[in-house]
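Letter by letter, the chains look like this.
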Amino acid sequence: MAENIHTESLRMTWSEAPWDQVVCGFPVLQVTALEIIGRDAANDIQSFVLSRDHIGAGLVSCRLPHDRILESMLLEDCGFRFIEMGYLPELEISTKETVAQADALTVSRAQDDDLPQLLEIARTAFQNERFKVDPRLNQSISDQRYQNWVASCLQHPVQELYAIFDGNNPIAFFVTELMEDDTCYWHLNAIAPSFQGQGYGRRVWNAMLSHATANGAKRVRT
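Conventions we followed
Residues numbered from 1 in each chain as written. Predicted model: local features only at pLDDT ≥ 70, side-chain atom pairs only at ≥ 80, totals over all residues. Heavy atoms only, no water. Helix = DSSP H or I, 4+ residues; strand = E, 2+ residues; numbered from the N terminus. Buried < 20%, exposed > 50% of the residue type's maximum accessible area, 1.4 Å probe, protein only. Lys, Arg positive; Asp, Glu negative; His and termini not counted. Salt bridge = Lys/Arg side-chain N within 4 Å of Asp/Glu carboxyl O. Polar contact = N/O pair within 3.5 Å; in protein donor to acceptor, adjacent residues only side chain to side chain. Contact = heavy atoms within 4.5 Å. Axes fitted to C-alpha atoms, helices over the stretch in contact; angles between N-to-C directions. Left-handed = near helix turned anticlockwise from the far one by under 90°. Nonpolar A, V, L, I, M, F, W, Y, C, P; charged D, E, K, R; others polar. Pairing = 2+ DSSP bridges.

> What exactly am I supposed to notice about the side chain of Asp44 here?
Among the structural elements, Asp44 can be located in helix H2 (residues 41-44). Within the buried core, Asp44 has no salt-bridge partner, and the shortest N-O distance to an opposite charge, that of Arg11, equals 7.4 Å. A distance of 2.6 Å separates the side chain of Asp44 from the side chain of Thr7, its partner in a polar contact. Beyond its immediate chain neighbours, meaning those up to four positions away, Asp44 contacts Ile5, Thr7, Ser9 and Leu10.

Printed below as a string of C-alpha cells:
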C-alpha cells in the first residue's frame, strides 16, 4: 500500500517494490511522487525518513524530472545519491512505411524453449544500469533482477516477451506493451554480449519497429 505526506509544504507518495525486495533480500521502497510547495519541506519529509528507517529499508529509489532541483536537494539531505539519468525517446510510426530489408531479422513471441537463452542474455547484457553501477549494491542483484523480469513476461497480463533471431541464433530480446493509445512501449531490451559491436543494434530496432507497425502501433516509446 502507498503512504503519503500531504502538508502545506510537501506532497510525497511512496510504496514498497516487492519485485526488487525478492532479489535484494531487504525492504525496498520507491518514491512515486514528490513536490515541494512550501518552506517547511525539510521538516515534513522527516515522517518519511522515520517510516523508511522503521521498516529497515535498504534501498529507496526516486525518478525526478531533470528540472526538479529543489526536490533533488531535499532527497540528498535524506541520504539519496544521484545514480542514473533516464531518457524517453518516442517515434511516430503511423505515417511511415514498413520496408522489407534483405538483412531483416526474425521476431517471434518467446516460448518456454527460448527462455534459458533469453535469461542468459538478461544476466549478462546489462552493465550500465542503476542496480549495477551503484557501488552500495551487490552487482549480482542487478543480474537476477533482469532475469526475474524476463521470466515473468511469459505469463504477464500485459507485457510481452519477444525473441529476435538471426537464422537460428537468438541474438536479443524485447519486453513490450501495447498501450491503450496505440503506443508500443519498449520496457526492456538487450542484445546478447557475444553479438554486440556487430551492427545488430540498428537491425534489431528496425525489426521491432516493423513489428510494432504490423501490430497497429502508432508510435514507439522507450
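> When you look at the environment of Ile55 in this model, what are you seeing that I'm missing?
Within the secondary structure, Ile55 is located in helix H3 (residues 46-55). Among the residues examined, Ile55 registers a relative accessible area of 33% and is labelled partly exposed. Along the backbone, Ile55 and Val28 are 27 residues apart, and their C-alpha atoms lie at a distance of 9.4 Å. Sequence-distant contacts of Ile55, defined by excluding residues within four places in its chain, comprise Pro27 and Leu29.

> I'm lost on the packing of helix H5 (residues 115-125) against helix H7 (residues 139-152) in this one. Help?
Each packed pair of helices is defined by two parameters, the angle between the axes and the distance between the axes. Running from N to C, H5 and H7 point in directions that differ by 145°, and their axes come no closer than 8 Å. Between H5 and H7 lies a crossing whose hand is right-handed. Residues Leu115, Leu118, Leu119, Ala122 and Arg123 of H5 touch H7, and the partners they reach there are Asp143, Tyr146, Gln147, Val150 and Ala151. Taken together, the residues that form the contact of H5 with H7 break down as seven nonpolar, one polar and two charged.

> Would you mind going over the pairing of strand S2 (residues 10-16) with me for this structure?
The side chains of a regular strand alternate between the sheet's two faces. Across four bridges, strand S1 (residues 3-6) lies against S2 in antiparallel orientation. Note that in S2 the partner of Ile5 across the bridge is Met12. Linking S1 back to S2 in an antiparallel pair, the connection comprises three residues. Both S2 and strand S3 (residues 28-36) contribute to a ladder of seven bridges, which runs antiparallel. Counterpart to Met12 in the pairing with S3 is Leu34.

The quantities given are spatial measurements derived from coordinates; they are silent on function.
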